[in-house]
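Okay, here's what each chain looks like letter by letter:
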Amino acid sequence: MKYKDLYKREKKINEITISLNQAENLMEIMSHLKDQLLEVFDCERITVYAVDVATKELFSYFKTGRTPDEIRVPLNKMSIAGYVATTGKIINIKDVYQNNYQIDYPGLHFDASWDLESGFRTRSVLAAPLVIKEKYLQGVVQLLNKRSHLGFSDEDVNLLKHISKGLAVAIYNQKRIHRKINKFDYLLQKNIISCDELNRAIALARSNTDAIKKDVSYVLLHEFGVDKSELGKALSRFYDTEFIEFSDQIIISSELLQGLNVKYLKKRFWIPLKKEGKTVTVLVDDPFDLEKRNEIRCAGLGRDIKLVVGIREDILRFIECSAGDVPSFERSSIDSFLEEMDEGGIEFESDNTPSEEDLLNEDAPAVVKLVTRIIKDAYDQGVSDIHIEPYPGKMPTEVRFRRDGVCYKYLDIPSTHTRAVVNRIKIMSNLDISEKRLPQSGKIKLRYGSKDIELRVEITPTVCGLEDAVMRILSAGKPIPLEKMNFSPRNLEKLLNIIQKPYGIILVVGPTGSGKTTTLHSILGHLNKPEKKIWTAEDPVEITQHGLRQVQVKPQIGYTFAAAMRSFLRGDPDIIMVGEMRDEETAHIALEASLTGHLVLSTLHTNSAPETITRLLDMGVNTLNFADAILGILAQRLVRTLCPSCKRPYHPTKEEFALIKAEYGHDYFDELDISYDDDFRLMGAGGCPKCNNTGYRGRIAIHELLVGSREIKRLIVEKAPVERLLEQGIKEGMRTLKQDGIYKIIQGYTDMVNVRKVCLV
């Protein structure tokens, strides 16, 4: 086998092993990974057996192919899986119907009855025991029928050894962690269904195209004969709410259904059932679905919503029996949709009046409420960006929120109201509603309760004469102390040292939305003393600090960063912060200021600290001046953090530990002062209401600090390539973004999946 192909297989096995270690539900993750495993081993089937201690048997925890409902074999040598379990040996047989394998595996007996019963003919078999701590048997993994007909190779054996360790740990964790694995865990615990039956039910549901039959609950009821009351107990326990099944004795008030789109309710599987006082009870198929929770909240039912769970089939029967005469959404749908929404609590600072087009639009009042509701919900949920995304034809406009760096769908707006929504945003931003061909930028200032909020608005023309709108929420905040910014000890020490210099230039670099401005204001907060005069030029001013003289640049009237810098130099500064080096002129002035007795802080959009140097040289800055001025370059990214409320410790496999060590670098790993033993733990994602069952909440920065040492300055003068700058930086103690990310993983803040999303592997 070619080395390149083997490397790809090993890499895939490492990825699968990490997925297994992070899995909350082994059966679901195996359903997701089975195709990858079959491809890696180039075989036809895979079966994972677990140990049933009570009966002293192996049972098929997971399997592919159409085999009997559940395979159970005794823990003895009368089957291949039993032989592997009792002897602890890995078995590799090219043809089970030729008895010569008994030379290598004395006492082994292949039970051909399974082939006779299923019609599947077994040829080659590769099986390995699943063992943790080298002595505790968890089960057996068995691969069937190498497609090449040559049998499994030695490379296959080695790869299976790796994957078997991950599987063993995953099975062990499933037994060990006392929590609900999934919403049908109650059925498994009560032996109402087996693991194999649940696995087949999931597969059947996924293969269906009908929305009702895609529900695993429907399959369990109609294909596996599970009693609805038992299913209801399982759902009730999992969602921690009441289970309600269909009853013609439950009469739904027409007032609750007025203005709701029946077709939409059928598509989304929820319906309001009753109103007691101010509380409205809503029946939904998945109370944990954030998107449905948001749309229910925005449906004008009131503020106090109680979600209860039901199966899709019953929800449809409620809708058909109770909402048959309710009219569907027409053009006035948004008025109904937002009828009971609170219009107070938010004031717009602009004195804009609606345009003639908006006044003549019968939906204008509803559109005002809708845009207000979107902004309020986004702010309350800690969202950073709001995306309004129209699609051609009659397709609805999607509203998506970005929180913690990840986008998710919030709402659908009927296509008939798209133009009115975009125009409303334009009016609020002082933009030209008649211009639909060119991009436009604007701002919205709001007062929400006692808080001032500013939104940066970007309108971008898209296909078919449509326009996207993106609103970034720039809520006023206070600087975070440097000691609470989660710098590594080395980075914090070096950063505190260079920012105390009387003159020079410090750059914070990274992509848009990586927290550069927050870091700069943390540095300024540390330097902000009565004896220092500090000027800042920003676009926009996101964080205000008493003692700083802060300027909002306005490029549209010629007040650019460069113009602000010239003014600052005549304003007796000690420290200057310029929001971004957008052009050669700004970079040149900043460099001059840093060489004439001023400390200059700024940002740049580059990927890493060493790359920043070559980027500035390409912009035309003087090499000697830049080498003299540079104090340090801090590159950073934001990674999602594990939810503090539900993250859980786990013992990684040796393979995962080895992977982390390799990613960090074998030559430097010892500096972390950790070793692999039974007490070593990493943190993994859980899932709880506080994080919307994602396992992640909030973000943390990872850093890469290149200090302007004498040797680095010499390399700048020589115009050394990025690789040479990186090599020298690491030699002097700089750690890359990925290395700092791994440091944060070991500290328990995040995991490798999220570090890899923002760093080169």
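Rules of the game
Residues numbered from 1 in each chain as written. Predicted model: local features only at pLDDT ≥ 70, side-chain atom pairs only at ≥ 80, totals over all residues. Heavy atoms only, no water. 1 Å grid on protein atoms, 1.4 Å probe; cavity = no way out; pocket = protein on both sides within 12 Å on 5 of 7 lines; lining within 4 Å. Points joined across faces, edges and corners; volume = space filled by probe spheres on them. Helix = DSSP H or I, 4+ residues; strand = E, 2+ residues; numbered from the N terminus. Nonpolar A, V, L, I, M, F, W, Y, C, P; charged D, E, K, R; others polar. Phe/Tyr/Trp six-rings, centres within 6.5 Å; stacked < 30°, edge-to-face > 60°. Buried < 20%, exposed > 50% of the residue type's maximum accessible area, 1.4 Å probe, protein only. Polar contact = N/O pair within 3.5 Å; in protein donor to acceptor, adjacent residues only side chain to side chain. Contact = heavy atoms within 4.5 Å. UniProt positions renumbered as here; feature names shortened; annotations may be inferred. pLDDT = per-residue confidence, 0-100. Pairing = 2+ DSSP bridges. Axes fitted to C-alpha atoms, helices over the stretch in contact; angles between N-to-C directions.

Draft legend 1. Representation of empty space enclosed by the protein in the model. Summed over the entire model, instances satisfying the criterion amount to 5 cavities of 30 Å³ or more. Of all the secondary-structure elements, those providing two or more residues to the lining of the largest cavity are β1 (43-52), α3 (80-87), α4 (113-118) and β6 (136-146). Counted by class, the lining of the largest cavity contains 10 nonpolar, 7 polar and 3 charged residues.

Draft legend 2. Geometry of the packing of aromatic side chains. Tallying each qualifying case throughout the model produces 13 aromatic pairs. Measuring from centroid to centroid gives 6.3 Å for Tyr83 and Tyr105, while their planes differ by 80°, and the two rings are edge-to-face. Of the two residues, Tyr83 is situated in helix α3 and Tyr105 in the loop between β4 (91-93) and α4; the sequence distance between them amounts to 22 residues. Relative accessible area serves as the criterion here: at 1%, Tyr83 is assigned to the buried category. On the basis of an interplanar angle of 20° and a centroid distance of 5.1 Å, the ring pair of Trp535 and Phe568 is categorised as stacked. Placement of Trp535 in strand β18 (residues 534-538) and of Phe568 in helix α20 (residues 561-569) is noted, with a sequence separation of 33 residues between them. Taking relative accessible area as the criterion, Trp535 reaches 19% and is therefore assigned buried.

Draft legend 3. Representation of the side chain of Thr641. Assignment of secondary structure puts Thr641 in strand β22 (residues 630-642). Engagement of the side chain of Thr641 in a polar contact is seen with the backbone oxygen of Arg697, the distance being 2.6 Å. Excluding residues that lie within four positions of it along the chain, Thr641 makes contacts with Gly695, Tyr696, Arg697, Gly698, Arg699, Ile700 and Tyr749.

Draft legend 4. Layout of the environment of Gly684. Within the secondary structure layout, Gly684 lies in strand β24 (residues 682-684). Remark: the alpha-carbon pair of Gly684 and Ile745, spanning 61 residues in sequence, is separated by 9.7 Å. Excluding its chain neighbours within four sequence positions, the residues that come into contact with Gly684 are Leu642, Lys647, Arg648 and Tyr650.

Draft legend 5. Here's a closer look at the UniProt feature "domain: Bacterial type II secretion system protein E" (unreviewed entry) in the chain. In the numbering adopted here, UniProt assigns the feature "domain: Bacterial type II secretion system protein E" (unreviewed entry) to residues 569-583. Along residues 569-583 one finds 7% helix and 27% strand; the C-alpha atoms at either end are 18 Å apart.

Draft legend 6. Representation of the confidence of the model for the chain within the structure. Averaged over the chain, the pLDDT score is 83; the fraction of residues at 70 or greater is 90%. Contacts from residues 324-345, a stretch scored under 50 in pLDDT, to residues over four places away or in other chains number 49 contacts. Scored below 50 in pLDDT, residues 349-364 shows 24 contacts in the model against residues more than four places distant or in partner chains.

Draft legend 7. Summary view of the sheet that holds β4. In spatial order, the strands read β3-β2-β1-β6-β5-β4; together these 6 strands make up an open sheet with antiparallel pairing. Strand pairing shows two members of the sheet lacking a second neighbour, β3 (72-74) and β4, which therefore form its edges. Recorded for the sheet is a direction-independent mean angle of 25° between the axes of neighbouring strands. One ladder, built from 7 bridges, connects β1 with β6; its direction is antiparallel.

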